[in-house]
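Spelled out, the chains give:
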Protein chains: 2
Amino acid sequence: MINVAILGFGVVGSGTAEVIEKNKDVIKEKTGAELCIKHILDLRDFPGSPFEKLITHDFNDIINDGEVDIVVEAMGGAHPAYDFSKAALEAGKHVVTSNKLVVAQFGTELLETAEKNGVRYLFEASVGGGIPIIKPMMSDLAQNRIDSVSGILNGTTNYILTQMSENGAEFSDALKEAQAKGYAEADPTSDIEGHDAARKIVILAALAYGKLISPDAIYCEGITKIDSKDVALAEKLGGHSIKLIGHAEKAGDKILAFVAPRLIPAANPLHDVSDVFNGILVSCDMLGDAMFYGRGAGKLPTASAVVSDVIDIAVKSEMKAASAKWEDASDSDIAPLADYVCAHYFRISGCEKCMAKVFESVERSVTENGETAFITKPISEAEAVAKEKAFAENGTKVLARIRVL
Amino acid sequence: MINVAILGFGVVGSGTAEVIEKNKDVIKEKTGAELCIKHILDLRDFPGSPFEKLITHDFNDIINDGEVDIVVEAMGGAHPAYDFSKAALEAGKHVVTSNKLVVAQFGTELLETAEKNGVRYLFEASVGGGIPIIKPMMSDLAQNRIDSVSGILNGTTNYILTQMSENGAEFSDALKEAQAKGYAEADPTSDIEGHDAARKIVILAALAYGKLISPDAIYCEGITKIDSKDVALAEKLGGHSIKLIGHAEKAGDKILAFVAPRLIPAANPLHDVSDVFNGILVSCDMLGDAMFYGRGAGKLPTASAVVSDVIDIAVKSEMKAASAKWEDASDSDIAPLADYVCAHYFRISGCEKCMAKVFESVERSVTENGETAFITKPISEAEAVAKEKAFAENGTKVLARIRVL
């Protein structure tokens, strides 16, 4: 049993509690780790919350509790988040954080403090929200020299740029819409001026190159000056999209890092990372390019990353190595394809009339050279097979059937 | 020091030796692991190879060497790969493999054998080539219930489908081209009929749902019947691409898994995974969708994944937990942006003549409403700033400058 204390019961803190409680069983099954939330620190009370009884207003309740193994810092801001993290590490407790500001500013010191005290300081959730990127860079890619890291690291600006691209919106209108949808804060400066992305790229650069650069020391250009004209022209000039990119690379024995809007060529996997999604492209000497993609923000995705760190500590502090756990499937474990439901693409001989004899309505269709191709509403595999039969009975040839993902 | 023996000095085996030797320093720096290749088993000799002296023709040299900690099985085929793996595990040696055939067929037994003998059986390279996917599914995503896994798992078929899409090639011609380029084997059956993808999706399904289904027990449809007509029509019907997808999901208490070509909607991140690249989309209850993208095959990418398993064993067998290691950067560690070279997008007032006064030649340009937008050849930031100045001196306004990724 590993006891966890959560500092801050806001979005990430409450999400962390939710992930641990809801998926207790799957976590135990997959990793053997048994997690228990013991305290939650917040200035507020949460009457009616299932976690109400765990709330404390006094950090000492946590730091002095010898049973607390891991402190999750989800307070945000530099202070007291940094101070509490340092105190927890010095008290021999592992610390997990989602706080990129603290990692980017005090990461070196806190990692040293952790090492001195034989505990760990982990921060998977500080970059890329729920996307596994910190631990993959620390371990899965450790046999590679990193040539460069380029990332769409901020969901707010990516949402705004996607709106500008898809709807021709101007920056100011797209920002207002993002604020209305809750994707941008009332004061959006940190996102739109690139400061948030700057904190994240210096963390990735530190993992890649072993030196933590202050976010204030790198060139940082936001997206406020992007004109919808440029978005349209970039598309015209060979199909580029425009994204806010945090970039880091080795330049001789120095590190080059900066944040700026960039034109992304169509062939680059970052080209289509849209809306609030994040994508991080890591170019490695052996592996080549690898991209990690997913939800870069949000309550449960970010909490998912926090809990992945908690599990990592839990598993390793019991000195167990992760192992795949499975058994051979029996026939009764295997679902028949007949029940699988998805839209289907058909190509048939004949016109739309032939199609209409078998499908009352479809999503879209096109007739060319005496053949009709169409996409159905979602139907089961069994229905799709029955429809094929119906076509055959009407003398219509089914020339192709392909399932839609 | 961790001693490694490699079984099979073909593409993956020799790549593994190369990654370990070339990146010894970076591996040690990032993880503390010191790797040493002690034996290489192959039927052939390799006169002139830097690894010549390590070659043995007798598996007993490896199994009886108490100093060998990890056996890398890179032989391919079911036998003797399975037999040697089992013997190595029983002799108390960790086994790392790239052999999806053995994992899909004998994985349950070999994992049990490993557990019984207190060692590990790892197979990151068996799915997705160099892409970190197995270990992320085992650990980074362990706090999630997996709703589904959909993957472009075979580079050969993805290359063929990309050719059919981009050049309107017919399947047979695209296959010939893939063979000419070395992306498809002389006998391409296993790839184009989907058997290779079937082995990989059952491995991913086992990690997600705890049951290993025999690849022979799932529906498997290849791409041989895909007509270039369908590729074109799928694009017309709302911008779908066609990809060979291995799919697995939970269907009640059963597992549904199959391989088939699928239409991919434009908004799906798998839509643009092209050429020999692989992409694996994992839908999770907490994190949402995450995609892992990269080179799904090839000597060094696959070897990179093999070595990531070797490092994982090395680090954990010394009971060290992975920790970020960095120090604060000093000013002299930071490269100036002025030296950074990339293509630039400019939008200027005036016609192409104004552009030509400052740029002798550009990659592409377009003039609209008295403004010219263009993309330059790669130039340094310093040159770009000088060009801005030159425009100003000519009375031309620079309305936008955006760097190209």
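Conventions we followed
- Residues numbered from 1 in each chain as written.
- Chains lettered and ligands numbered in written order.
- Predicted model: local features only at pLDDT ≥ 70, side-chain atom pairs only at ≥ 80, totals over all residues.
- Heavy atoms only, no water.
- Helix = DSSP H or I, 4+ residues; strand = E, 2+ residues; numbered from the N terminus.
- Buried < 20%, exposed > 50% of the residue type's maximum accessible area, 1.4 Å probe, protein only.
- Contact = heavy atoms within 4.5 Å.
- Areas by Shrake-Rupley, 256 points an atom, 1.4 Å probe, with all protein chains shown as cover.
- Lys, Arg positive; Asp, Glu negative; His and termini not counted.
- Charge placed at Lys NZ, Arg CZ, Asp CG, Glu CD.
- Buried area = accessible area lost by both parts, 1.4 Å probe.
- Salt bridge = Lys/Arg side-chain N within 4 Å of Asp/Glu carboxyl O.
- Polar contact = N/O pair within 3.5 Å; in protein donor to acceptor, adjacent residues only side chain to side chain.
- Pairing = 2+ DSSP bridges.
- 1 Å grid on protein atoms, 1.4 Å probe; cavity = no way out; pocket = protein on both sides within 12 Å on 5 of 7 lines; lining within 4 Å.
- Points joined across faces, edges and corners; volume = space filled by probe spheres on them.
- Expected span 1.5 Å × (residues − 1).
- Nonpolar A, V, L, I, M, F, W, Y, C, P; charged D, E, K, R; others polar.

Q: Before we go on, may I ask you to explain the overall build of chain A in this structure?
A: A count of helices and strands for chain A gives 14 helices and 20 strands. When its C-alpha atoms are laid out on the principal axes, chain A stretches across 80 × 55 × 50 Å. Per-residue burial for chain A yields a buried fraction of 60% across its 405 residues. Residue pairs at least 24 apart in sequence account for 67% of intrachain contacts in chain A once pairs closer than 6 positions are excluded. In the form shown here, chain A has an accessible surface area of approximately 15200 Å², with 49% of it arising from carbon and sulfur atoms. When the 41 positive and 59 negative side-chain charges of chain A are each reduced to one mean point, those points stand 3 Å apart.

Q: How should the interface of chain A and chain B be read in this particular structure?
A: Bring the parts together and some accessible area is lost; that lost area is often taken as the interface size. Each partner contributes to the interface: chain A provides 121 residues, whereas chain B provides 121 residues. A buried area of about 10600 Å², summed over both sides, lies between chain A and chain B, and 62% of it is on carbon and sulfur atoms. When the area that chain A buries against chain B is broken down by residue, the three leading residues are Met286, Trp326 and Leu405 of chain A, summing to 9%. Our enumeration of links across chain A and chain B arrives at 18 salt bridges. As a salt-bridge pair, Glu221 of chain A and Arg403 of chain B come within 3.1 Å of each other at their nearest N and O atoms. Between the two partners, chain A and chain B, sit 57 residue pairs in polar contact (both at pLDDT 80 or more). Tallying contributions element by element places strand β11 (residues 254-264) of chain A first for the side of chain A that touches chain B, with nine residues.

Q: Help me understand the pairing of strand β10 (residues 241-251) of chain A in this model?
A: As a general feature of sheets, a regular strand has side chains that alternate between the two faces. All names here are of chain A. Burial analysis of β10 places eight of its eleven residues in the buried class, which makes it a mostly covered element. Sheet topology places strand β7 (residues 146-152) next to β10; four bridges connect them, and they run antiparallel. Residue pairing in the sheet places Ser148 in a bridge with Glu249 of β10. Linking β10 back to β11 in an antiparallel pair, the connection comprises two residues, with Gly252 at a positive phi of about 65°.

Q: Whenever I open this one, the side chain of Gln143 of chain B confuses me. Can you help?
A: If you trace the backbone, Gln143 of chain B turns up in the loop between α6 (134-140) and β7 (146-152). Of note is the side chain of Gln143 of chain B, whose polar atom sits 2.6 Å from the backbone oxygen of Ser304 of chain A. When neighbours within four sequence positions are excluded, Gln143 of chain B is seen to be in contact with Val19, Asn23, Ile27, Ser304, Ala305, Val307, Ser308 and Ile311 of chain A together with Met286 of chain B.

Q: Is there a simple way to explain the layout of surface pockets in this structure?
A: If a probe as big as a water molecule is rolled over the atoms, it shows which places are left empty. By volume, the second largest pocket is sized at about 1200 Å³. Lining the second largest pocket are 49 residues, and of these Ala266, His271 and Asp272 of chain A together with His271 and Asp272 of chain B sit closest to its centre. The set of elements that each furnish at least two residues to the lining of the second largest pocket consists of α7 (155-167), α11 (228-236), β10 and β13 (288-295) of chain A together with α7 (155-167), α11 (228-236), β10 (241-251) and β13 (288-295) of chain B. The dominant element in the lining of the second largest pocket, judged by the number of residues it contributes, is α7 of chain A, at five residues.

Q: How should helix α12 (residues 299-317) of chain A be read in this particular structure?
A: The α-helix advances 3.6 residues per turn, and as a result positions three or four apart in sequence lie on the same side. Counted at 1.5 Å a residue, the expected span for α12 of chain A with its 19 residues is 27 Å, and the 27 Å between its end C-alpha atoms agrees. Most of α12 of chain A is tucked away: 16 of the 19 residues are buried.

Q: I tried to follow helix α10 (residues 195-209) of chain A on my own but got confused; where do I start?
A: Between its first and last C-alpha atoms α10 of chain A spans 21 Å; for 15 residues at 1.5 Å apiece the expected length is 21 Å, and the two agree. Once α10 of chain A ends, the next one or two residues include Gly210 of chain A, with phi positive near 80°.

Q: Please clarify how empty space enclosed by the protein should be interpreted in this entry.
A: Here the structure, examined in full by the defined rule, presents one cavity of 30 Å³ or more. Of the voids in this model, the largest cavity is the one considered here, and its volume is about 40 Å³. Asp140, Leu141, Gln143 and Leu287 of chain A together with Glu124, Gly130, Ile131, Pro132, Lys135, Ser304, Ala305 and Ser308 of chain B together form the lining of the largest cavity. No other element matches the three residues that helix α12 (residues 299-317) of chain B contributes to the lining of the largest cavity. Partitioning the lining of the largest cavity into residue classes produces five nonpolar, four polar and three charged.

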